[in-house]
Amino acid sequence: MGDDRLIIAGREFKSRLWVGTGKYKDFVETQKAIEMSGADVVTVAVRRVNITDRSKENLLDYIDPKKYTILPNTAGCYTVEDAVRYSRLARAAGVSDLVKLEVLGDEKTLFPDTAGLIEAAKILIKEGFIVLPYTNDDPIVAKKLVDIGCPAVMPLAAPIGSGLGIRNPYNLKILMESVDVPVIVDAGVGTASDAALAMEYGADAVLMNTAIAGAKDPIAMAEAMKYAVWAGRLAYKAGRIPRKLYATASSPIEGML
Amino acid sequence: MEETILIQVNGEARKGRNGMTVADLLRDLEITTERVAVEVNLEILDRAAFAQRSLKDGDRVEILSFIGGGSF
């Protein structure tokens with residue numbers, strides 16, 4: 001997969017598997033799983049520093065920002081104002097203009113509030129942010145996000161943390177055909193085959209967290225996901241055979257007795 | 001002028017010295033300025049301004065950094 005690079009807003013990424021850093025047992029496990037996954041983009045959240053217990057270690061002591069692209073998210077933001085505020089804080093704390101923009105609509109589903117998402121994206125793009133929006137599997141919304149200047153879109157496969165896999169493959173395929181920017185399938189992956197399928201459909205990358213961190217053996221699952229994304233990508237580029245209802249023999253008739 | 005001021009840091013009340021800067025506060029809290037964002041009364045500060053910005057009574061300070069997270 002050496003020369004098969006993913007390019008977003010002029011930045012080149014080696015890995016088509018992106019991973020989150022939440023829900024791990026500890027930082028050592030986080031570090032090991034991420035290393036095994038081969039991902040070079042990791043998402044992080046922005047939260048208050050613990051000022052009463054300073055002995056707590058920092059995630060970035062384990063995830064070297066020189067080695068990984070740190071992609072801050074606005075996880076937990078339900079309003080345009082909050083999402084914009086957290087994005088600005090992330091930029092102030094970090095080193096880049098990248099943000100994975102989430103404006104959530106509902107606590108039960110964590111589905112994106114796409115109207116709020118577009119509004120927040122507009123504000124942030126004007127301020128020079130590189131906005132990677134976490135969106136629905138809605139091709140029209142994806143097109144709008146690209147129109148206002150998002151250099152990639154991140155549609156969900158299924159609700160965050162649900163592990164349900166791709167719930168609407170046809171919408172996702174239409175979405176991929178509707179936009180001319182990279183599509184990163186984000187959220188809902190449960191196991192390796194889900195990730196492979198997303199890549200076979202033509203996704204440019206897959207972002208996941210719970211599917212790895214929540215597995216019985218996160219490090220082994222990280223490895224499975226690495227190969228699943230590779231396999232799916234290679235199969236997509238190779239071009240699958242058409243589906244047919246009846247059999248076609250693979251061995252020749254000629255030469256039979 | 002009062003010697004001590006009362007400020008809010010990450011939602012908790014805290015006493016400070018009159019005229020102390022954001023950089024002083026971070027030093028008191030043993031927080032390295034690298035990779036933190038500081039907001040004073042909802043205004044986000046440039047890291048370069050930490051040493052200039054002095055705090056006054058009633059200021060609300062938020063200190064944030066990156067933690068593990070995927071989506072929410």
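This write-up is about the structure you can find in this document.

1. Quick look at the interface of chain B and chain A
Turning to step 1, where the next piece is worked out: Facing 26 residues of chain B, the contacting portion of chain A comprises 36 residues.
Turning to step 2, where the next piece is worked out: For Glu62(B), the salt bridge goes to Arg48(A), with nearest N and O atoms at 2.7 Å.
Turning to step 3, where the next piece is worked out: Taken together, the connections running from chain B to chain A amount to nine residue pairs in polar contact (both at pLDDT 80 or more).
Turning to step 4, where the next piece is worked out: Only strand E3 (36-40) and strand E5 (60-68) of chain B provide two or more residues apiece to the side of chain B that touches chain A.

2. Brief notes about the packing of helix H3 (residues 114-126) of chain A against helix H4 (residues 139-147) of chain A
All names here are of chain A.
Turning to step 1, where the next piece is worked out: Relative orientation of the contacting elements H3 and H4 amounts to 10°, with a least axis distance of 10 Å. Taken together, the axes of H3 and H4 lie roughly parallel to each other. Every residue of H4 that contacts H3 at Thr114, Leu117, Ile118 and Ala121 is listed here: Val141, Lys144 and Leu145.
Turning to step 2, where the next piece is worked out: Residue composition of the contact of H3 with H4, grouped by class: five nonpolar, one polar and one charged.

3. Some words on the state of the cysteines
Turning to step 1, where the next piece is worked out: What the rule picks out here adds up to zero disulfides over all chains.
Turning to step 2, where the next piece is worked out: Of all cysteine sulfurs, the one in Cys150(A) lies closest to Cys77(A), which takes part in no disulfide; the gap is 16 Å.

4. Digging into the environment of Tyr246(A)
Turning to step 1, where the next piece is worked out: By secondary structure assignment, the location of Tyr246(A) is in the segment after helix H8 (218-238).
Turning to step 2, where the next piece is worked out: With 238 residues separating them along the chain, Tyr246(A) and Ile8(A) place their C-alpha atoms 42 Å apart.

5. Notes on the sheet that holds strand E7 (residues 130-135) of chain A
Residues and elements named next belong to chain A.
Turning to step 1, where the next piece is worked out: Within the open sheet, the three strands sit side by side as E6-E7-E8. Their pairing is parallel. Of all strands in the sheet, those with a lone pairing partner are strand E6 (98-101) and strand E8 (154-155), marking the two edges.
Turning to step 2, where the next piece is worked out: Where E7 and E8 come together, two bridges link them in parallel fashion. Following the sheet pairing, Thr135 is matched in E8 by Pro155.

6. What to know about the pairing of E5(B)
Turning to step 1, where the next piece is worked out: Where strand E4 (residues 41-48) of chain A lies against E5(B), five bridges are found, and the strand directions are antiparallel. Of the residues in E5(B), the one forming a bridge with Arg47(A) is Ser65(B).
Turning to step 2, where the next piece is worked out: Across two bridges, strand E1 (residues 4-9) of chain B lies against E5(B) in parallel orientation. Each residue of the ladder has a partner; that of Gln8(B), found in E5(B), is Arg60(B).
Turning to step 3, where the next piece is worked out: Of the strand pairs in this sheet, E3(B) and E5(B) are connected by five bridges, and their pairing is antiparallel. The residue of E5(B) that forms the bridge with Val36(B) is Ser65(B).

Conventions used here
Residues numbered from 1 in each chain as written. Chains lettered and ligands numbered in written order. Predicted model: local features only at pLDDT ≥ 70, side-chain atom pairs only at ≥ 80, totals over all residues. Heavy atoms only, no water. Contact = heavy atoms within 4.5 Å. Salt bridge = Lys/Arg side-chain N within 4 Å of Asp/Glu carboxyl O. Polar contact = N/O pair within 3.5 Å; in protein donor to acceptor, adjacent residues only side chain to side chain. Helix = DSSP H or I, 4+ residues; strand = E, 2+ residues; numbered from the N terminus. Axes fitted to C-alpha atoms, helices over the stretch in contact; angles between N-to-C directions. Parallel < 35°, antiparallel > 145°, perpendicular 65-115°, else oblique. Nonpolar A, V, L, I, M, F, W, Y, C, P; charged D, E, K, R; others polar. Disulfide = S-S within 2.5 Å. Pairing = 2+ DSSP bridges.

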